[in-house]
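A look at the structure
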Amino acid sequence: VQAIRVAQLARNRFGIALPLAELFAAPTVRDLAGVIDHALEHGTGTRARARMTMEEMAAEAQLDPSIQPPPGSTVPTHPPVHILMTGATGFVGAHLLDELLRRTDAILYCIVRNVDDDDAAYTRLSAGLNRYGLWRKELAHRIVAVAGDLALPRLGLSDVQYTTFAEKIDTIYHLGAWVNLMYGYHNLKSINVHGTHEVLRFATTHRLKRVHHVSTLSIMSSLERQGQLIREDDPLNTVGSLFGGYAQ
């Protein structure tokens with residue numbers, strides 16, 4: 001609401017149209033002044049590019065060379081015993097957590113962000129399951145809630161936690177993301193991109209782990225492919241440029 005008001009004030013005062021994504025990308029007065037100056041000079045508010053080419057996305061998608069499987073390691077083939085899960089407090093995550101509890105015998109370690117400690121993480125996680133009618137007391141002993149943060153190195157875990165989990169976990173379900181259709185790519189990058197990098201780093205630490213990554217169909221929504229049939233196994237380099245930070 002405040003962003004809309006700022007955009008209206010800018011239109012009335014300066015006669016310029018500022019996209020809301022521009023305002024979200026300018027959180028300080030100094031940043032906002034720069035956006036307005038640019039719009040006055042160029043007649044547009046699109047200083048930060050809303051569209052990203054395939055070449056730009058490929059450059060952003062480079063994995064840290066240090067993220068490598070341990071020498072001689074192989075992906076486990078046995079049923080999961082210890083699962084690390086991100087994004088379990090969201091709608092999709094809560095339902096997947098419930099399904100994993102019912103369909104496997106694994107212990108599920110769920111990383112929860114924006115909490116002070118593991119107890120608060122468990123409270124938030126159980127509240128989410130309750131909200132969707134999925135809380136099952138008889139299965140609760142297999143849930144381990146862990147305070148962490150995808151935007152931080154090592155998933156925001158302590159050195160002891162990270163090492164212990166890296167040696168124990170055999171499977172990862174990565175659903176955690178910051179979903180905001182108004183923010184630009186660089187607003188969302190710390191969690192959605194760096195977070196995935198850290199998950200892959202964790203997956204190759206001490207032992208190789210299976211990784212299941214749940215993402216968004218927005219990656220198939222480029223203007224170049226509108227109206228075309230897109231299959232699950234189509235390579236991403238045929239998608240075309242993407243519009244909007246979340247899809248990028």
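Before going into details, it helps to say that this report is about the structure given with it.

1. Some points on the overall build of the protein
When helices and strands are counted, the protein shows nine helices and seven strands. With 248 residues in all, the protein has 40% of them scored as buried. Across the protein, contacts joining residues at least 24 apart in sequence account for 69% of those joining residues at least 6 apart. Carbon and sulfur atoms make up 55% of the accessible area of the protein, which amounts to about 14300 Å² in all. For the protein, the centre of its 24 positive side-chain charges and the centre of its 25 negative side-chain charges are spaced 4 Å apart.

2. A closer look at the sheet that holds strand E6 (residues 210-213)
Within the open sheet, the five strands sit side by side as E4-E3-E2-E5-E6. Their pairing is parallel. The open sheet has two free edges, formed respectively by strand E4 (143-147) and E6, since each of these has just one partner strand. The sheet shows a mean angle of 20 degrees between the axes of neighbouring strands, direction not considered. In this structure, strand E5 (residues 171-174) lies alongside E6, joined through four bridges in parallel fashion. Within E6, the residue paired with Tyr173 across the bridge is His212. Helix-sheet contacts for helix H5 (residues 91-103) involve strand E2 (82-86), strand E3 (107-112), E4 and E5, and the interaxial angle to E2 is about 170 degrees.

3. Here's the deal with H5
Taking 1.5 Å of rise per residue, the 13 residues of H5 would be expected to cover 18 Å, and the 19 Å separating its terminal C-alpha atoms lies within 8% of that figure. Every buried residue belonging to H5 is among Gly93, Ala94, Leu96, Leu97, Asp98, Leu100 and Leu101, and all of these are buried. In this structure, the buried side of H5 is in contact with E2, E3, helix H6 (118-131), E4 and E5.

4. Focus: a nonpolar patch on the surface
A cluster of nonpolar side chains, namely Phe91, Val92 and Val214, defines an oily patch on the protein surface of about 280 Å² accessible area. By secondary structure assignment, the location of Val92 is in helix H5.

5. Some points on the packing of aromatic side chains
For the coordinates displayed, the defined rule picks out four aromatic pairs. Taking 5.3 Å as the distance between ring centres and 85 degrees as the angle between the ring planes, the aromatic pair formed by Phe91 and Tyr132 counts as edge-to-face. Of this pair, Phe91 sits in helix H5 while Tyr132 is found in the loop between H6 and E4, placing the two residues 41 residues apart along the sequence. Given the relative accessible area of 28%, Tyr132 is considered partly exposed.

6. Examining the pairing of E4
Most of E4 is tucked away, with four of its five residues classed as buried. Considered for its hand, the β-α-β crossover made up of E3, H6 and E4 is right-handed.

7. Considering helix H9 (residues 194-203)
Counted residue by residue, H9 has seven buried out of ten residues, so it is predominantly covered. Within H9 the residues assigned to the buried category are Gly195, Thr196, His197, Glu198, Val199, Phe202 and Ala203. Contact partners of the buried residues in H9: E2, helix H7 (159-168), E5, helix H8 (185-192) and E6.

So, how was this worked out
Residues numbered from 1 in each chain as written. Predicted model: local features only at pLDDT ≥ 70, side-chain atom pairs only at ≥ 80, totals over all residues. Heavy atoms only, no water. Helix = DSSP H or I, 4+ residues; strand = E, 2+ residues; numbered from the N terminus. Buried < 20%, exposed > 50% of the residue type's maximum accessible area, 1.4 Å probe, protein only. Contact = heavy atoms within 4.5 Å. Areas by Shrake-Rupley, 256 points an atom, 1.4 Å probe, with all protein chains shown as cover. Lys, Arg positive; Asp, Glu negative; His and termini not counted. Charge placed at Lys NZ, Arg CZ, Asp CG, Glu CD. Pairing = 2+ DSSP bridges. Axes fitted to C-alpha atoms, helices over the stretch in contact; angles between N-to-C directions. Expected span 1.5 Å × (residues − 1). Patch = residues over 30% accessible without salt bridge, like charges linked within 9 Å, V, L, I, M, F, W, Y side chains within 5 Å. Salt bridge = Lys/Arg side-chain N within 4 Å of Asp/Glu carboxyl O. Phe/Tyr/Trp six-rings, centres within 6.5 Å; stacked < 30°, edge-to-face > 60°. Right-handed = clockwise from strand over helix to strand, strands pointing away.

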